[in-house]
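What follows is the residue order along each chain.
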Amino acid sequence: MAQTNWTLDLGGAPSNEDCAQIGHTPNFAIVNTAEAMLYRAALIGVAGSPPAGISLRIKANAHDFGTYRTVEASVDNEQDDGSHASYLETLETGIAFWHQAGFAPPEFAKLTASDQLAGFVLDAVASALRITRPTSTGAFFPESSGPIHRNLNAAFPEAAQRAFSEGSLPC
């Protein structure tokens, strides 16, 4: 009998980027949490919002040297409308570099307290929306920016508001 509820660990950061290290990274808990939150947003940028029956969450993992966080897909096969396999394949492939999801490399050194996390993530998603925005003609360059921009815009409306409010665009 097939398992109906299961999880898939997707990692905590793009595969070819440096990531926070327990015992080495200053403010590891905060930086690692922000990294996982941004990676979740980047995966949504690439794959879109999860279909019914899949949720993406930040999972704490116990380790001998401390706790680290990763993104986890929680899957309920009972709700699969046929879209789970392709969505999960895209997630499992992940991204190698932040820029593949329209994100500038995050400046984690700015984080010093956990109450900064939400704003930090919101600002990073807003930046990705500005980076991937269409040209004045409505075209996207590169073309791969179009789906990323639409996915982030749909999943993070507050970041979209911040990204394109008057005075927020760089000159």
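Preceding this paragraph is the structure being described.
One structure accompanies this document, and this report is about it.

Observations concerning the side chain of His84
Point 1. Counting through the fold element by element, His84 comes out in helix H2 (residues 84-93).
Point 2. One polar contact links the side chain of His84 to the main-chain carbonyl oxygen of Ala52, over a distance of 2.8 Å.
Point 3. Ignoring anything within four residues of it in the chain, the contact list for His84 reads Pro51, Ala52, Gly53, Ile54, Val75, Asp76, Asn77 and Gln79.

Quick look at the sheet that holds strand E2 (residues 54-63)
Point 1. One open sheet accounts for three strands, arranged E1-E3-E2; its pairing is antiparallel. Each edge of the sheet is formed by a strand with only one pairing partner; in this case those strands are strand E1 (5-11) and E2. The sheet shows a mean angle of 40 degrees between the axes of neighbouring strands, taken without regard to direction.
Point 2. Relative to strand E3 (residues 66-76), E2 is paired through 10 bridges, and the arrangement is antiparallel. Of the residues in E3, the one forming a bridge with Ala62 is Thr67.
Point 3. Where helix H1 (residues 28-47) meets the sheet, it contacts E1, E2 and E3, and its direction lies at approximately 25 degrees from that of E3.

Quick notes on the pairing of E3
Point 1. As paired strands, E1 and E3 are joined by six bridges and run antiparallel to one another. Bridging from a neighbouring strand, Asn5 pairs with Asp76 of E3.

Considering the pattern of salt bridges
Point 1. Evaluated as defined, the whole model comprises three salt bridges.
Point 2. Of the charged contacts, one joins Glu72 and Arg57 as a salt bridge, the two residues approaching to 2.6 Å between their closest N and O atoms. Separated by 15 residues along the polypeptide, Glu72 in strand E3 and Arg57 in strand E2 bring together distant segments of the chain.
Point 3. Across the pair Lys110 and Glu107 runs a salt bridge whose closest N-O atoms are separated by 3.6 Å.
Point 4. A relative accessible area of 56% means that Lys110 is categorised as exposed.

So, the packing of aromatic side chains
Two numbers describe a pair of aromatic rings. These are the distance of the centres and the angle of the planes.
Point 1. Taken as a whole and judged by the stated rule, the model has three aromatic pairs.
Point 2. Aromatic pair Trp98 and Phe103: ring centres 6.2 Å apart, planes at 50 degrees, arrangement tilted. Taken as a pair, Trp98 and Phe103 share a single burial class, namely buried.
Point 3. A ring pair is formed by Phe108 and Phe120, whose centres lie 5.7 Å apart and whose planes are at 35 degrees; its orientation type is tilted. One end of the pair, Phe108, is in the loop between H2 and helix H3 (117-131); the other, Phe120, is in helix H3, and 12 residues separate them in sequence.
Point 4. A residue is classified by how much of its surface remains accessible, and Phe108, at 14% relative accessible area, is buried.
Point 5. Within the aromatic cluster, the residues linked to one another by ring pairs are Tyr39, Trp98 and Phe103.

Conventions used here
- Residues numbered from 1 in each chain as written.
- Predicted model: local features only at pLDDT ≥ 70, side-chain atom pairs only at ≥ 80, totals over all residues.
- Heavy atoms only, no water.
- Helix = DSSP H or I, 4+ residues; strand = E, 2+ residues; numbered from the N terminus.
- Polar contact = N/O pair within 3.5 Å; in protein donor to acceptor, adjacent residues only side chain to side chain.
- Contact = heavy atoms within 4.5 Å.
- Pairing = 2+ DSSP bridges.
- Axes fitted to C-alpha atoms, helices over the stretch in contact; angles between N-to-C directions.
- Salt bridge = Lys/Arg side-chain N within 4 Å of Asp/Glu carboxyl O.
- Buried < 20%, exposed > 50% of the residue type's maximum accessible area, 1.4 Å probe, protein only.
- Phe/Tyr/Trp six-rings, centres within 6.5 Å; stacked < 30°, edge-to-face > 60°.

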